[in-house]
Amino acid sequence: MQPESILDIRTDNETILAARSRPVTRENQIYLAIVLVGSENAAEIEEGVAILEEIAKDTDHSEDVRIAVYYLALAHARLQNYDRSTKILDALLSVEPANLQASELRKVVQKKMKKEALLGLGLVGGAAALIGGIVIAGFALKK
């Protein structure tokens, strides 16, 4: 089955274990963080975020920083921190406006935000209608 979006891609446990067993090098830490971002476990995604944040602080390796920032945005989107993800992507795109990968991820995040906002409005509207119906039924039974 093809994933609907980049947010739906998952990393299996075997891949995570293999990444954890690699010797600790900068390259392997980046790989581990990326693999953790694909986990289904929120704690592992958060672990990936912590690694990526450390990598992003090292401005001596600009390519690594660009990769870390992109995957930080992806991690926050996977954790449903859409506002944080959007802010990170906006910062990346302000420096690299032609970054298609970041631009596409931003579109996916914006779409998710809108979808969840509409779902939230639907749930609130449904709850309000249910409560209104109960109140009206209560008044009808009192008469």
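Quick caveat, the model's predicted, so the values are computed rather than measured.

A few points about the overall build of the chain
Tallying secondary structure elements over the chain gives 6 helices and 0 strands in all. Scanning the chain from its N terminus toward the C terminus, one meets helices and strands in the order α-α-α-α-α-α. Counting the 143 residues in the chain, one finds 31% classified as buried. If you take every contact in the chain between residues at least 6 apart in sequence, the share linking residues at least 24 apart comes to 50%. Carbon together with sulfur atoms contributes 60% to the accessible area of the chain, which is approximately 9300 Å² in total.

Quick notes on the environment of Thr15
Mapped onto the elements, Thr15 comes out in helix α1 (residues 13-20). The class of Thr15 is partly exposed, set by a relative accessible area of 26%. Separated by 17 residues in the primary sequence, Thr15 and Leu32 have C-alpha atoms spaced 9.3 Å apart. Beyond its immediate sequence surroundings of up to four residues, Thr15 is in contact with Tyr31 and Val35.

Description of the nonpolar core
The nonpolar side chains of a soluble globular protein tend to be buried, and buried together. Counting residues in each nonpolar core, the largest one holds 32 residues, and the members touching the most others are Ile51, Leu52, Leu89, Leu105 and Val109. Contributing elements (two or more residues each) for this core: α1, α2 (26-37), α3 (42-57), α4 (62-78), α5 (82-95) and α6 (100-142). When sequence neighbours within four positions are dropped, the list of residues in contact with Ile51 reads Gln29, Leu32, Ala33 and Leu36.

Structural notes on α2
Taking 1.5 Å of rise per residue, 12 residues should cover 16 Å, and α2 covers 17 Å from first to last C-alpha, within 8% of that figure. Within the sequence span of α2, burial applies to Asn28, Ile30, Leu32, Ala33, Val35, Leu36 and Val37. Check the buried side of α2 and you find it contacts α1, α3 and α4.

Here we look at the packing of aromatic side chains
Per the stated rule, a full pass over the model turns up 1 aromatic pair. For Arg22, the ring lying beneath its charged end belongs to Tyr31, and the centroid distance is 4.0 Å.

Some details on the packing of α3 against α4
Two elements in contact, α3 and α4, have axes separated by 9 Å at closest approach and are oriented at 155°. Viewed along their axes, α3 and α4 adopt a mutual orientation that is roughly antiparallel. Where α3 crosses over α4, the two elements pack in a sense that is left-handed. Contacts from Ile45, Val49, Leu52, Glu53, Ile55 and Ala56 in α3 reach Asp64, Val65, Ala68, Val69, Tyr71, Leu72, Ala75, His76 and Arg78 in α4. The residue makeup of the contact of α3 with α4, split by class, is 11 nonpolar, 1 polar and 3 charged.

Calculation rules
Residues numbered from 1 in each chain as written. Predicted model: local features only at pLDDT ≥ 70, side-chain atom pairs only at ≥ 80, totals over all residues. Heavy atoms only, no water. Helix = DSSP H or I, 4+ residues; strand = E, 2+ residues; numbered from the N terminus. Buried < 20%, exposed > 50% of the residue type's maximum accessible area, 1.4 Å probe, protein only. Contact = heavy atoms within 4.5 Å. Areas by Shrake-Rupley, 256 points an atom, 1.4 Å probe, with all protein chains shown as cover. Core = buried A, V, L, I, M, F, W, Y, C linked by side-chain atoms within 4.5 Å. Expected span 1.5 Å × (residues − 1). Phe/Tyr/Trp six-rings, centres within 6.5 Å; stacked < 30°, edge-to-face > 60°. Lys NZ or Arg CZ within 6 Å of the ring centre and 35° of its normal. Axes fitted to C-alpha atoms, helices over the stretch in contact; angles between N-to-C directions. Parallel < 35°, antiparallel > 145°, perpendicular 65-115°, else oblique. Left-handed = near helix turned anticlockwise from the far one by under 90°. Nonpolar A, V, L, I, M, F, W, Y, C, P; charged D, E, K, R; others polar.

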